[in-house]
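Each chain, letter by letter, is given below.
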Amino acid sequence: MSRQYIIRRLLVAIPSLLGISVVLFCVLALAPGDPFSEIAANPAIPPEVAASLRAKFGLDDPVWLRYLHWLSAMAHGDWGFSFASRINVDTLILQRLPTTLIVIGAAQILAIVVALPVGVLAGTRPYSIFDQVANTLAFIGFSLPTFFTGLLLIMLFSIKLDWLPMVYNAELSSTGWPWLWEQIRQSIMPVMVLGLFQGASLVRYVRSAVLDVVRLDYVTTARSKGIGERRVITRHVVRTALIPVVTLVALQMPIVFSGAIVTEQIFRVPGIGSLLIAAMLANDTPVIMAVTFVFACLVVMFNLIADVLYGWLDPRISYR
Amino acid sequence: MAGSTPASLTAERPAPAGVAAAVVPRKKARFSPGQEAWRRFRRHKLAMASSVILGLVVLAVLLGPLFWQVPINEIDFASKLDGPSWAHPLGTDDLGQDILARLLYGGRISLAVGFCAMMVAAVVGVLVGAIAGMSRGGVDATLMWLADLFLSLPQLPLLLLISYLFRDALTKILGTQGGIFIMIVVVIGGLRWMQVARLVRAQILSIREKEFIEAARALGASSFRQVVRHILPNALGPVIVAGTIDVAAAIIAESTLSFLGLGFPPDIPTWGRVLFDAKDTMDIAPHWALFSGGAIFIAVLTINFIGDGLRDAFDPRRVL
Amino acid sequence: MAETLLDIRGLKTWFATDDGLVRAVDGVDLHIDRGETLGVVGESGCGKTVTARSVLKLIDMPPGRFEDGQILWQGRDLIPLGQDEMDKIRAREIAIIFQEPMTSLNPVYTVGHQIAEVLQQHEKLGARQAMQAAVEMLRLVNIPNPQKRVHDYPHQFSGGMRQRVMIAMAMSCKPRLLIADEPTTALDVTIQAQILELMQEMKDKLGMSMMLITHAMGVVAETCQRVVVMYAGKVVEEAPVEALFGNPRHPYTQGLIRSIPRVDRAAEHKERLEAIPGSVPSLLDPPPGCRFASRCKYAMDICVRGMPPFKEVGPGHRVACVL
Ligand SMILES: Nc1ncnc2c1ncn2[C@@H]1O[C@H](COP(=O)(O)OP(=O)(O)OP(=O)(O)O)[C@@H](O)[C@H]1O
Ligand code: SF4
Ligand SMILES: [Mg+2]
């Protein structure tokens, strides 16, 4: 894979980021009332102060200028101040982001580990009992909304069986191995909720990609080489079936983030998803905007990773 | 003897009856495209079963309140958090309200949101796709870029953001129920038109080349008429499939919003809202969460299965 | 008496489809002797490819299944063999090349890798040696600059070049039989001749036999010693090449030969064969009797009553027709 290819993908990502920022800004600009109406309405604040605040934040400028101001502030990491948490928004987000990424990452790994073999087995034996069972379970899996799965798991593992803690505790008192053990125990359910949901759609993607690939001529060629069915499947079928799967997974990322928000909220995982909900309930606009933008950046970033993976998996792409 | 005369040389000339009848293979009975689709749909057993179940659910929420005339907001602390009984087949909530009545009533809204949001998505998608497909060039490229952009928007954060910013203004204008309903429908629909747009555009591009459009053009049919008369009917199958899946996605989106406490208010018991209210008493009244979550799950699962059946029916080669 | 390598007896390969049972191959007998080239001709859909793939058991099962018959490879029936035993025969004893060079190679591996894979499997070569051998194979099939090309991906080759790669791959373990399923149909006319010439050359070098499936009667006349004519899943005529062209007995064969505009042109196109009016009958539920009857100008009552027997009309020349 060539370096130009990666650079080209990076360049393509910039307009999408800008586009997303425009959409976000439009939503904000179109919203009725402005964030300073409360200040203006507050009798304790003299009108001159309110006016100077408005001027400072450029609220009376034309829309495009306000957009540019806002964009340059975002680009400089000047994301404002959280009313609710009383710290800078960027600090707050940086505190919370790793947890979200770890949960999502672990869930992705779980999804892949479960879905890849199941999808491949189902795709290579279409319409067998195994395929039908796997397919039905996959349908159930992605028809179960994450919030409901989360509650079901809590009912089963926390309330009924009392095996796992119901909610996530960010300040575990233990250290060393017990800490790790606690950490794993409290991460199991959030990761499972997210991972199984993603895994369910992944099974369908993998199955259908495998189904598409097994009937291609080069798989017959591979079989005619006498290299054994196992090798035919792993080296020739799965390897190429992964190419479309990568794209589909990337397309799924927005849904995964939605699931992450819900999951964090249910289990009180201190990531940016639960931060977003808390900010909404507390009318903490700068945090809401920033978290939404971070989610948008994450989607673009994952698309970028998918593009790079795609180019790496498919030699035809990167040579173009 | 009839058989001894030489049989036909060309296909047009009728062959001697005895020979032709015996040799020409029995042709499969011809079906119209609609009948053919129905034949294939019927073979998808889960889709058939799902149609029946979903039909019953729809009937229940439409007609149920006529037969089950318990008020949805009759507070009765004497029987709060009761499990299922004859008086309350699905039990009661923390205010002693009848859960069955609430779910029947709320189901209307949950399903209506799903359906209306799908309609919004379909209308926007067909319009954008048709414009893109007919115009080509810069307009086409821009619209498709926009579709890609929307695909990489983080849907839930944006949904949350919009409902956070606009809910007060809209409820002021249109009342609580109407305002939130319209907002949710428009936003969910407005974030899901991309798939339909792509399908319609692809269909237009492929059909544009075919002769019958040329013929129509020669007869002076306008572009608009071409789209309506020739192209849309051809794109209908895939659009219906995408639309069906959209209904399920919209139901999940609305439930998610309500589940996070940021959708419908407590006096409008959509399924997601009921589940939100139920989640804090899961230990003592699991039936509350199970029935409301189960309702969402059943609706989404059956719609997804129906979508799969429709895909088999309209688009047999596609697996996903 | 020449040694018989492959002897297919009464082979029936059927497919269970949504519309019913497709009898793609419905009682085929043919044999190939050591060192000979057997042509298999017939129009599109008559079961040539299914016959060829059946030999290596490359039929998807389900929907396909072997209903009946034997595939004797050097006297040993392949049908009951398990996967492992088949894999010892594939590529090492019987190799196959397909019609579509554009899609027959895996797009994500270099051609060198794909050739080396065979060698590593069967000749137990190490990775580096196998790659070296792959370079030699590419050189053998006249690919210029093989040292460098071995690291290229299939999409960097033209159709004709890819077919050379396929030939190189098929030849790499020096099989005793090469099945070539319309190896030139998808190629340009000039390339077709080169590929045929290359295959002929390889065949002579390695002393192997060949089963050449084709639509083109001209190709058959030039390269084959014997010919089998298939129609709707059955063999309708089998003859040494001179006898077939000099004295075609089956009306279908006669039609095929008449439809060749010039025998000296090696390259033929599909359309030529469609010069026979009508089309192949459905393989679902084929009627009893001669399957060509609906298009045969000599068709008589007895033709549709029962299957015409396969009868000997000359040395090695047999035909299934009541005439
Ligand atoms: N996997 C399959 N499932 C169902 N039917 C099949 C399958 N493979 C082949 N057939 C049927 O078997 C028949 C014979 O096909 P085959 O490919 O052998 O024809 P052919 O003689 O090679 O034609 P061509 O010259 O076009 O390559 C066709 O009618 C085809 O529809
Ligand atoms: S058997 Fe009869 S129908 Fe068949 S080819 Fe011979 S003459 Fe024609
Ligand atoms: Mg063929």
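Structure shown above.
Values in this document were obtained by computation on a predicted structure and should not be read as measured data.

Chemist: How should I be thinking about the pairing of strand β11 (residues 310-314) of chain C in this particular structure?
Modeler: The side chains of a regular strand alternate between the sheet's two faces. Residues and elements named next belong to chain C. Bridge count for β11 against strand β12 (residues 317-320) is four bridges, and the pairing is antiparallel. The residue of β12 that forms the bridge with F310 is A320. Linkage of β11 to β12, two consecutive antiparallel strands, is achieved through a turn of two residues, within which G316 is found at a positive phi near 70°.

Chemist: How should empty space enclosed by the protein be read in this particular structure?
Modeler: The method is simple in principle: a probe with the dimensions of a water molecule rolls over the atoms, and the space it marks as empty is what remains. Under the defined criterion, the tally for this structure stands at six cavities of 30 Å³ or more. Counted as a void, the second largest cavity has a volume near 80 Å³. As for the second largest cavity, its lining consists of T221, S224 and K225 of chain A together with A91, A95, I96, V118, M166, M169 and A170 of chain C. Taken together, the elements giving at least two residues each to the lining of the second largest cavity come down to α9 (217-224) of chain A together with β6 (94-97) and α6 (159-171) of chain C. No other element matches α6 of chain C, which puts three residues into the lining of the second largest cavity. When its residues are assigned to classes, the lining of the second largest cavity shows seven nonpolar, two polar and one charged.

Chemist: Looking at this structure, I do not really get the interface of chain A and chain B. What am I missing?
Modeler: Accessible area lost when the parts come together is the quantity often used to give the size of an interface. Each side of the interface is counted separately: chain A has 54 residues, and chain B has 44 residues. Surface buried jointly by chain A and chain B totals about 4,200 Å² across both partners, of which 84% is contributed by carbon and sulfur atoms. Summed over the shared surface of chain A and chain B, the result is one salt bridge. R204 of chain A is the partner of D308 of chain B in a salt bridge, and the nearest nitrogen-oxygen pair spans 3.4 Å. Applying the counting criterion to the chain A and chain B interface returns two residue pairs in polar contact (both at pLDDT 80 or more). Breaking the side of chain A that touches chain B down by element, the ones donating at least two residues are α1 (3-30), α6 (129-143), α7 (146-160), α8 (176-214), α10 (229-267), α11 (272-281) and α12 (285-313) of chain A. It is α1 of chain A that provides the largest number of residues to the side of chain A that touches chain B, a total of nine residues.

Chemist: Explain the side chain of T220 of chain A here, please?
Modeler: Looking at the element boundaries, T220 of chain A is found in helix α9. With a relative accessible area of 11%, T220 of chain A lands in the buried category. When residues no more than four places from it in sequence are discounted, the contact partners of T220 of chain A are R53, L58 and F98 of chain C.

Chemist: Sorry if this is basic, but what is going on with unusual backbone geometry here?
Modeler: Trans is the prevailing form of peptide bonds, just as negative phi is the prevailing case for residues other than glycine. Residues and elements named next belong to chain C. Even without glycine at this site, N142 takes up a positive phi of about 65°. Within the secondary structure, N142 is located in the loop between α4 (127-140) and α5 (146-149). Even without a glycine there, the phi angle at N145 is positive, about 55°. Within the secondary structure layout, N145 lies in the loop between α4 and α5. Residue classification places N145 among the partly exposed positions, given a relative accessible area of 45%.

About the thresholds
Residues numbered from 1 in each chain as written. Chains lettered and ligands numbered in written order. Predicted model: local features only at pLDDT ≥ 70, side-chain atom pairs only at ≥ 80, totals over all residues. Heavy atoms only, no water. Pairing = 2+ DSSP bridges. Helix = DSSP H or I, 4+ residues; strand = E, 2+ residues; numbered from the N terminus. 1 Å grid on protein atoms, 1.4 Å probe; cavity = no way out; pocket = protein on both sides within 12 Å on 5 of 7 lines; lining within 4 Å. Points joined across faces, edges and corners; volume = space filled by probe spheres on them. Nonpolar A, V, L, I, M, F, W, Y, C, P; charged D, E, K, R; others polar. Contact = heavy atoms within 4.5 Å. Buried area = accessible area lost by both parts, 1.4 Å probe. Salt bridge = Lys/Arg side-chain N within 4 Å of Asp/Glu carboxyl O. Polar contact = N/O pair within 3.5 Å; in protein donor to acceptor, adjacent residues only side chain to side chain. Buried < 20%, exposed > 50% of the residue type's maximum accessible area, 1.4 Å probe, protein only.

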